[in-house]
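In case you want the letters, here they are:
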Amino acid sequence: MRSIGGMDHPVRGIIKTGKPRGWVLGLFLVILLGICFRWANLSGRVYWVDEVATSIRIAGTTRAQVTEQFATGQILSVQQLLDVQTLDSALPWSATFNALRQSPEHAPLYFLLARLWVQFLGHEIGHETGNGIAQIRSLSVLFSLLSLPAMFWLSSELYRKLFKGKLVRSRRASLIAVSLLSISPYFVAYAQEARPYSLWVLALLLMGASLLRATRTKDFRDWLLYVFCAAVGLYTSVLTLLVLIGQGIYVGLIAKGERKLLQQWFIAAGGVILLFFPWIFVMVQQWGTLQDNTTWARMPLSPIAMVAIWLYSIVVLFFDFPVTVSLSLETIVKASTALLILAMIGVSFASICRSSKSIPLFLMTFALPIPIVLFLIDLLSQGQASATPRYLLPLQLVVLLAVSQGSVPPRIGGLEGRFGAERFLFGRFFRAGILVFLVGLSLLSCIGNLNRTPDYLKAHNRFNPPIASIINQASRPFIVSEAANTMNLLSLSHSLTPTISLQILPTIEPEIALDDCNTNFLFNPPLELIDRLRQSDLLTLQEVYQPDLLTSEDIHLSLWSMDRAKQQHNGNLCQQEAAR
């Protein structure tokens, strides 16, 4: 090791001054590509039901109100479905607040900022004006871009390490962490969602960085910054409360009886809860609504599927390719790649545990509270909340942080005296190989996703494009559906041609009146309805779209053609009407 001022500098050679080295330029190129990926095809991806929920909330309405408005049996146009998703600039803010109160499980900050954003840009959704989707999604892109310097700050604070009495900041690890975040196909995908997750990522990173700084400096202003960041996190996602608890455990473990530090954290945490109390009051007041809105989280899911989702939630940070369950060479290659990624992540965590005690403690208390609590809730309710990848963002950020530090070869103590597997696993070239491999996979995944919707991202609405293609190509298409599909139809409306008409009925009976000159489609009927209509002699049904499913539990959309069994019309009349 070299010395500075007669003292050994443990990372001299890792960080050098002067002209940028090749790896620095390479990482900056990777970050630039990640920025470009976030803007690519921003308006071309499916605008799914959760994003529709964002639009209607900031427009001052709710799922129930929209269903009541449209499920009346009246003939509707596609533009009517788009109009309800468009913000009227004259709408009072009280209407947006009232709509947000009807979804208390979602903290309100992102939606209020989204209303400000679209009102400032001029938000209008339609086939002619049609860039409204890109406008509202651009807010998430902005938060995602701000997350890059936030990741650098957190990594810099985290990897200030004491080796032989020297306090060192590992800039290489910080730059690698930013690079991994910038091109992670998972975080790129959520950067293009009109949902709160990019803002939550930003809040989590700032929350972690400000806590590390506050515990290091013990300065009042730094604790005040932590209070602000934690409050932003809570007002973005209620799950941040579990992260706050985990950080309290971290402070308690590192304090080692230092009462002043503990007192500072409890005062800060009290201030955070006090700031968040208004929304706590809303959640308590709307507890019944909150339970109704989260029924899906208490639906059962097989243990094998849950374990697969947990592992996939980690692998997808670097490797996002379509999943198949058939036994083929492609499947074997993908599975082997996934296992290799998990092994590399394990090596990175092992490297951190060898070099420090405080860093693994921070990472574990940051990553584990949410998955542990959700898993316990799932055990009690037999639900599936813990198998929701977007709820595991703290854990996923920790994986990136671990890999970034694990990619930096140690210069402390050296490996010269070590032999065998340990020297190989923690050596310079092996770690560089891990980084190159993961960066390469991430870039390939981002390129592959430019014209593809990741399966985990849009849920059942990923089938919108092929369904809309069938409908748009039909002669005089007419869509019939039940009230339960109102939100799915709002999502589908972004892919339909403006001339298409549709009808949403409270219930569909075999005696439904159909125009024989139309191509009548039945959109996403439940199995009970299909059985009931088939048992009658009045209608004939034929499934015209059936997607390939990963498992039998995979929720999907379906499309059926529907005609009267005994058509009494004259085909010439339809031709004459079409000619007019």
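Residues numbered from 1 in each chain as written. Predicted model: local features only at pLDDT ≥ 70, side-chain atom pairs only at ≥ 80, totals over all residues. Heavy atoms only, no water.

(A) Region of interest: the overall build of the protein chain. Tallying secondary structure elements over the protein chain gives 26 helices and ten strands in all. Relative to its 580 residues, the protein chain shows a buried fraction of 53%. The long-range fraction of contacts in the protein chain, counting pairs at least 24 apart against all pairs at least 6 apart in sequence, stands at 78%. As displayed, the protein chain offers around 26600 Å² of accessible surface, 63% of which is attributable to carbon and sulfur atoms. (Helix = DSSP H or I, 4+ residues; strand = E, 2+ residues; numbered from the N terminus. Buried < 20%, exposed > 50% of the residue type's maximum accessible area, 1.4 Å probe, protein only. Contact = heavy atoms within 4.5 Å. Areas by Shrake-Rupley, 256 points an atom, 1.4 Å probe, with all protein chains shown as cover.)

(B) Structural context of the side chain of Arg45. Residue position: Arg45 is located in the loop between α1 (22-39) and α2 (49-58). Of the side chains with opposite charge, Glu193 comes closest to the buried, unpaired Arg45, at an N-O distance of 7.9 Å. Side chain to side chain, Arg45 and Gln192 meet in a polar contact 2.6 Å long. Here Leu450 takes part through its backbone oxygen, which lies 3.5 Å from a polar atom of the side chain of Arg45. (Lys, Arg positive; Asp, Glu negative; His and termini not counted. Salt bridge = Lys/Arg side-chain N within 4 Å of Asp/Glu carboxyl O. Polar contact = N/O pair within 3.5 Å; in protein donor to acceptor, adjacent residues only side chain to side chain.)

(C) Seen up close, the nonpolar core. Formed by 149 residues in total, the largest nonpolar core has its most connected members in Met151, Phe187, Phe318, Phe362, Ile467 and Ile471. For this core, the element with the most residues is helix α10 (residues 197-217), which contributes twelve residues. In this structure, Phe478, Leu505, Ile508 and Trp560 belong to the second largest nonpolar core, which totals 14 residues. (Core = buried A, V, L, I, M, F, W, Y, C linked by side-chain atoms within 4.5 Å.)

(D) Representation of the packing of aromatic side chains within the structure. Within this structure, the stated rule accounts for 17 aromatic pairs. Between Tyr312 and Tyr456, the aromatic rings sit 6.2 Å apart at their centres with planes inclined by 65 degrees, giving edge-to-face as the arrangement. Here Tyr456 lies in helix α22 (residues 455-458) and Tyr312 lies in helix α15 (residues 303-315), a separation of 144 residues in the sequence. According to the relative accessible area criterion, Tyr456 is buried, its value standing at 16%. Considering the side-chain rings of Phe463 and Tyr545, the 6.4 Å spacing of their centres and the 55 degrees angle between planes classify their relative orientation as tilted. One end of the pair, Phe463, is in the loop between α22 and α23 (464-473); the other, Tyr545, is in strand β9 (residues 539-545), and 82 residues separate them in sequence. The pair formed by Phe463 and Tyr545 is uniform in burial state, with each residue classed as buried. One aromatic cluster is present, formed by Tyr186, Phe187, Tyr190, Tyr197, Tyr312 and Tyr456 through successive ring pairs. Over the aromatic face of Tyr391 sits the side chain of Arg390, whose NZ or CZ is 5.6 Å from the ring centroid. (Phe/Tyr/Trp six-rings, centres within 6.5 Å; stacked < 30°, edge-to-face > 60°. Lys NZ or Arg CZ within 6 Å of the ring centre and 35° of its normal.)

(E) A look at the environment of Asp515. Along the chain, Asp515 falls in the loop between β7 (501-505) and β8 (519-523). Overall, the relative accessible area of 33% leaves Asp515 in the partly exposed class. Taking the C-alpha atoms as reference points, Asp515 and Phe478, separated by 37 residues in sequence, lie 8.9 Å from one another. Leaving out residues up to four positions away in the same chain, Asp515 has contacts with Arg476 and Asn520. In this structure the side chain of Asp515 is engaged in a polar contact, spanning 2.9 Å, whose partner is the backbone nitrogen of Cys517.

(F) Highlighting the pairing of strand β6 (residues 477-482). With six of six residues buried, β6 lies mostly within the body of the structure. Of the two faces of β6, the one holding Pro477, Ile479 and Ser481 and the one holding Phe478, Val480 and Glu482 are both buried throughout. The sheet contact formed by β6 and β8 spans four bridges and is parallel. The residue bridging Ile479 from the neighbouring strand is Phe521, located in β8. Summarising the sheet, β6 and β7 pair through five bridges and their orientation is parallel. Pairing of Glu482 across the sheet is with Leu505, part of β7. (Pairing = 2+ DSSP bridges.)

(G) How the structure looks around unusual backbone geometry. The backbone of Gln382 shows a phi angle near 55 degrees, a positive value even though the residue is not glycine. Here Gln382 is to be found in the loop between α18 (369-381) and α19 (393-406). The class of Gln382 is exposed, set by a relative accessible area of 60%.

(H) Just the environment of Leu81, in detail. You can see Leu81 is positioned in helix α4 (residues 78-83). Look at Leu81 and you get buried, because its relative accessible area is 1%. The spacing of Leu81 and Val66 is 15 residues in sequence and 9.3 Å in space, taken between C-alpha atoms. Beyond its immediate chain neighbours, meaning those up to four positions away, Leu81 contacts Phe70, Leu76, Leu489, Leu490, Ser493 and Leu502.

(I) Looking closely at a nonpolar patch on the surface. A surface patch of nonpolar side chains, about 650 Å² in accessible area, is lined by Met364, Leu368, Ile372, Val373, Phe375, Leu376, Ile377 and Leu379. Here the nonpolar patch gets six residues from one element, more than from any other, and that element is α18. Among the structural elements, Phe375 can be located in helix α18. (Patch = residues over 30% accessible without salt bridge, like charges linked within 9 Å, V, L, I, M, F, W, Y side chains within 5 Å.)

(J) Broad picture of the sheet that holds β6. In spatial order, the strands read β3-β7-β6-β8-β10-β9; together these six strands make up an open sheet with mixed pairing. With partners counted over all chains shown, the strands left at the sheet margins are β3 (75-77) and β9, one partner each. Neighbour-to-neighbour, the strand axes of this sheet turn through a mean angle of 35 degrees, independent of strand direction. Each of β6, β8, β9 and β10 (559-564) is contacted by α23, which is oriented at about 125 degrees to β9, the strand it contacts most. Of the strands in this sheet, β6, β8, β9 and β10 touch helix α25 (residues 527-535), which is tilted by about 140 degrees from β9. (Axes fitted to C-alpha atoms, helices over the stretch in contact; angles between N-to-C directions.)

(K) Main features of the confidence of the model for the protein chain. In this model, the protein chain carries an average pLDDT of 86, and 86% of its residues clear a pLDDT of 70 or more. Counted against residues more than four places away or in other chains, residues 162-167, with its pLDDT under 50, gives ten contacts. Contacts for the low-pLDDT stretch residues 411-422, under 50 throughout, to residues beyond four places or in other chains number 16 contacts. (pLDDT = per-residue confidence, 0-100.)

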